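Secondary and tertiary structure notes
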Amino acid sequence: MLTRCFNFFTLITETFHDCSVNYLSHVFFIIIKTRIDKFDDSLNFQSLSSHDKKASLEVVHKYGPCSRLNQDKTIAAPTHAEILLQDQSRVKSIHSRLSNSKASGGNDVKVIDATTVPAKDGSVVGSGNYIVTVGLGTPQKQLSLIFDTGSDITWTQCQPCAKSCYKQKEQIFDPSQSTSYTNISCSSSICSSLTSATGNTPGCASSTCVYGIQYGDSSFSVGFFGTDKLTLTSTDAFNSIYFGCGQNNQGLFGGSAGLLGLGRDKLSVVSQTAQKYSKIFSYCLPSSSSSTGFLTFGGSASKNSKFTPLSTISAGPSFYGLDFSGISVGGTKLAISASVFSNAGAIIDSGTVISRLPPAAYSALRASFRKLMSKYPLTSALSILDTCYDFSNYSTISVPKIGFFFSSGIEVDIDATGILYANSISQVCLAFAGNNDATDVFIFGNVQQKTLEVFYDGSAGKVGFAPGGCS
Ligand SMILES: *[C@@H]1O[C@H](CO)[C@@H](O)[C@H](O)[C@H]1NC(C)=O
Ligand SMILES: *[C@@H]1O[C@H](CO)[C@@H](O)[C@H](O)[C@H]1NC(C)=O
């Protein structure tokens, strides 16, 4: 379902169907109509249907008009340049986590429990742009959480916000008002498992276990570690899910109540609900901020899914690793040595916006894309995006298809909305960026995942991709 409700620049896509194409080369191009959506305030936010072995939640863009966080527009959406800057700090923190964790044994929670942490304006959660609404506690309170496959612990801001809570849209969760909330004690073994889930050694306050987690530059959440009832849909609830009850929270979490951790560590919601869903979940990220996608736990993949094995990044076992082998542009596989991909390794992440390619892969992609787009005027760069076009004079444009190849042999076509990132019609950019270092991990980001059904099967160790999962 596509709810149009915003004056936002959107690219409407139409793909050529093989049967109607005379010129073979056109199969490898996508024709895009450029237009601006009209403002329309009809909002619709509710859980999708829930079946026996699966639970589906509606996914909306954090700042989109379909987000319940944005209904009175009191929390300003960042500009595209700000989003890309936030994205860069998330990527930096992922890269440093993957290169540092080999050496360091993790921080102590007290370090980030202090007021010495700079509360910069630019402090971020990275740009985990997609939120779902779940119920927490008894009686249940509705909370909108950013979902993140790149981290494990789930947390929400909690009363009494002993140190600090940022501004959130919904009422802040009060554990004293929930009959099912329990604190975890410091001596509990689950308390010590916070070290691997957060990268920080847990603390202890009045014998209650204290968690702390940092994201990107200076956004963080610190608080009591507890359990409470988590309600995903009217039929799917879990009586005691471990989560962080944040007493000191800072960052640009966009008015959301916190974060839903979908990583591979044992404290993630995926692992905690494994008995019911067997570590299976899938999502579809909508193509624009005015449409909706889904996050489903359990269930089965679309018949047309292409699967590739999950790999493990030894320095970051929480991440979903993938083995890439190549990239195609306009139907031609680029001449990039396979070692370019194997030296870097790769992960898929719902929280990184723009995919970060190994430098050699990005320069090959850019060169080929620019060549095939040479009839359009280039314009200034947008933050990390260095290949931008001015389409003011065009009502339709023709864009080469881009595909990702995996070592398992599959190729996944990126949707047209994942090829271009539009700031305005006069600045539409190739939505990819290069890493600085050839050994930095390749990140398959959320712009490139748009409209794909991405199906994670943590038990079978594979990920599936199918086109047209949502609009
Ligand atoms: C949890 O532990 C903290 C710290 O000991 C305490 O202040 C709080 O009241 C406890 N909450 C509940 C619901 O027991
Ligand atoms: C659009 O067309 C006008 C009129 O031909 C021209 O002056 C202008 O430079 C063009 N703009 C771009 C971005 O190509």
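Conventions used here
- Residues numbered from 1 in each chain as written.
- Chains lettered and ligands numbered in written order.
- Predicted model: local features only at pLDDT ≥ 70, side-chain atom pairs only at ≥ 80, totals over all residues.
- Heavy atoms only, no water.
- UniProt positions renumbered as here; feature names shortened; annotations may be inferred.
- Near = heavy atom within 4 Å.
- Polar contact = N/O pair within 3.5 Å; in protein donor to acceptor, adjacent residues only side chain to side chain.
- Areas by Shrake-Rupley, 256 points an atom, 1.4 Å probe, with all protein chains shown as cover.
- Core = buried A, V, L, I, M, F, W, Y, C linked by side-chain atoms within 4.5 Å.
- Buried < 20%, exposed > 50% of the residue type's maximum accessible area, 1.4 Å probe, protein only.
- Domains from an automatic or database assignment.
- Contact = heavy atoms within 4.5 Å.
- Helix = DSSP H or I, 4+ residues; strand = E, 2+ residues; numbered from the N terminus.
- Expected span 1.5 Å × (residues − 1).
- Arc of directions from axis to C-beta.
- Salt bridge = Lys/Arg side-chain N within 4 Å of Asp/Glu carboxyl O.
- Nonpolar A, V, L, I, M, F, W, Y, C, P; charged D, E, K, R; others polar.
- Pairing = 2+ DSSP bridges.
- Axes fitted to C-alpha atoms, helices over the stretch in contact; angles between N-to-C directions.
- Phe/Tyr/Trp six-rings, centres within 6.5 Å; stacked < 30°, edge-to-face > 60°.
- Lys NZ or Arg CZ within 6 Å of the ring centre and 35° of its normal.

Going by an unreviewed UniProt entry, the protein carries the name aspartyl proteases and comes from Salix purpurea. Here the protein is described in UniProt, under the heading Sequence similarities (unreviewed entry), as follows: "Belongs to the peptidase A1 family."

Considering the site of ligand 2
Every residue near ligand 2 is listed here: Pro 377, Asp 390 and Asn 393. Within the side chain of Asn 393, a nitrogen or oxygen atom sits 2.3 Å from an oxygen atom of ligand 2. For ligand 2, the protein covers 32% of the area, taking 360 Å² as the surface of the free molecule.

Here we look at the nonpolar core
Phe 147, Leu 295, Phe 297, Ile 327, Ile 402, Phe 444 and Phe 465 are the most contacted members of the largest nonpolar core, which totals 71 residues. Here this core gathers at least three residues from each of two domains, domain 1 (3-41 + 301-466) and domain 2 (57-72 + 117-297). Discounting residues that sit within four places of it in the chain, Ile 402 has contacts with Ile 327, Ser 328, Val 329, Leu 365, Phe 369, Val 412, Asp 413, Ile 414, Ile 419, Leu 430 and Phe 432. Judged by nonpolar contacts, the second largest core, of 18 residues, contains Ile 153, Trp 155, Tyr 211 and Phe 253.

Points about helix 8 (residues 359-372)
Helix length check: helix 8 (14 residues) gives 20 Å between terminal C-alpha atoms against 20 Å at 1.5 Å per residue, within 8%. Buried residues of helix 8: Ala 361, Tyr 362, Leu 365, Ser 368 and Phe 369, and no others. The arc enclosing the buried residues of helix 8, seen along the axis, measures out at 140 degrees, which places them on a common side.

A word on the UniProt feature "active site" (unreviewed entry) in the protein
Following the UniProt record, the feature "active site" (unreviewed entry) maps to Asp 148 and Asp 349 here. For the residues just named, distributed over 202 residues, the greatest C-alpha separation is only 7.4 Å, placing them together at one site. Residue classification places Asp 148 among the buried residues on the basis of a relative accessible area of 1%. If sequence neighbours within four positions are ignored, Asp 148 has contacts with Arg 90, Leu 259, Leu 260, Gly 261, Leu 262, Gly 263, Asp 349, Ser 350 and Gly 351. Within the secondary structure, Asp 349 is located in the loop between strand 22 (346-348) and strand 23 (355-357). Taking relative accessible area as the criterion, Asp 349 reaches 0% and is therefore assigned buried. With near-sequence residues (within four places) excluded, Asp 349 lies in contact with Arg 90, Ile 94, Asp 148, Thr 149, Gly 150, Ile 443, Phe 444, Gly 445, Asn 446 and Gln 449. In this structure the side chain of Asp 349 is engaged in a polar contact, spanning 3.1 Å, whose partner is the backbone nitrogen of Gly 351.

Overview of the pattern of salt bridges
Evaluated as defined, the whole model comprises 5 salt bridges. Salt-bridge contacts for Asp 148 lead to Arg 90; the nearest nitrogen and oxygen are separated by 2.6 Å. Within this pair, whereas Asp 148 is found in strand 7 (residues 141-148), its partner Arg 90 is found in helix 1 (residues 80-100), the two being separated by 58 residues in sequence. Of the two residues, Asp 148 and Arg 90, neither departs from the other in class, the shared state being buried. With a shortest N-O distance of 2.9 Å, Asp 349 and Arg 90 are connected by a salt bridge. Of this pair, Asp 349 sits in the loop between strand 22 and strand 23 while Arg 90 sits in helix 1, and the two are 259 residues apart along the sequence.

Quick look at the site of ligand 1
Taken together, Tyr 181, Asn 183, Ala 205, Ser 206, Thr 208 and Phe 224 make up all the residues around ligand 1. In this structure, an oxygen atom belonging to ligand 1 sits 2.2 Å away from a side-chain N or O atom of Asn 183. The side chain of Thr 208 places a nitrogen or oxygen atom 2.9 Å from an oxygen atom of ligand 1. Out of a free accessible area of 360 Å², ligand 1 has 54% covered by protein chains. Looking at side-chain class alone, the shell around ligand 1 contains 3 nonpolar, 3 polar and no charged residues.

Looking at the sheet that holds strand 24 (residues 378-379)
Sheet strands line up and pair through hydrogen bonds in the backbone, either parallel or antiparallel. With antiparallel pairing, 4 strands are arranged side by side in an open sheet as 24-25-30-29. Each edge of the sheet is formed by a strand with only one pairing partner; in this case those strands are strand 24 and strand 29 (420-424). Pairing geometry for strand 29 and strand 30 (residues 427-430), over 4 bridges, is antiparallel. Bridging across to strand 30, Ala 422 finds its partner in Val 428. Here helix 8 sits on the sheet and contacts strand 24, strand 25 (388-389), strand 29 and strand 30; the angle it forms with strand 30, its principal contact strand, is near 130 degrees.

Some words on the packing of aromatic side chains
Applying the stated criterion across every chain yields a total of 29 aromatic pairs. Considering the side-chain rings of Phe 341 and Phe 442, the 6.1 Å spacing of their centres and the 35 degrees angle between planes classify their relative orientation as tilted. Linking Phe 341 in helix 7 (residues 338-344) with Phe 442 in strand 32 (residues 442-444), this pair joins segments that are 101 residues apart in sequence. Here Phe 341 falls in the buried class, since its relative accessible area comes to 3%. Looking at Phe 442, the relative accessible area reads 1%, which means it is buried. Taken together, the ring pairs connect Phe 324, Phe 341, Phe 404, Phe 406, Phe 432, Phe 442, Phe 444 and Phe 465 into an aromatic cluster. In this structure, Lys 462 packs its charged tip against the face of Phe 307, placed 4.3 Å from the ring centre.

Here we look at the pairing of strand 7
The element strand 7 is extensively covered by neighbouring structure, given that 6 of its 8 residues are classed as buried. Inspection of the sheet shows strand 6 (residues 130-136) paired to strand 7 by 6 bridges, in the antiparallel sense. When the sheet's bridge partners are listed, Val 134 is paired in strand 7 with Leu 143. The pairing of strand 7 with strand 15 (residues 258-261) spans 4 bridges and is classified as parallel.

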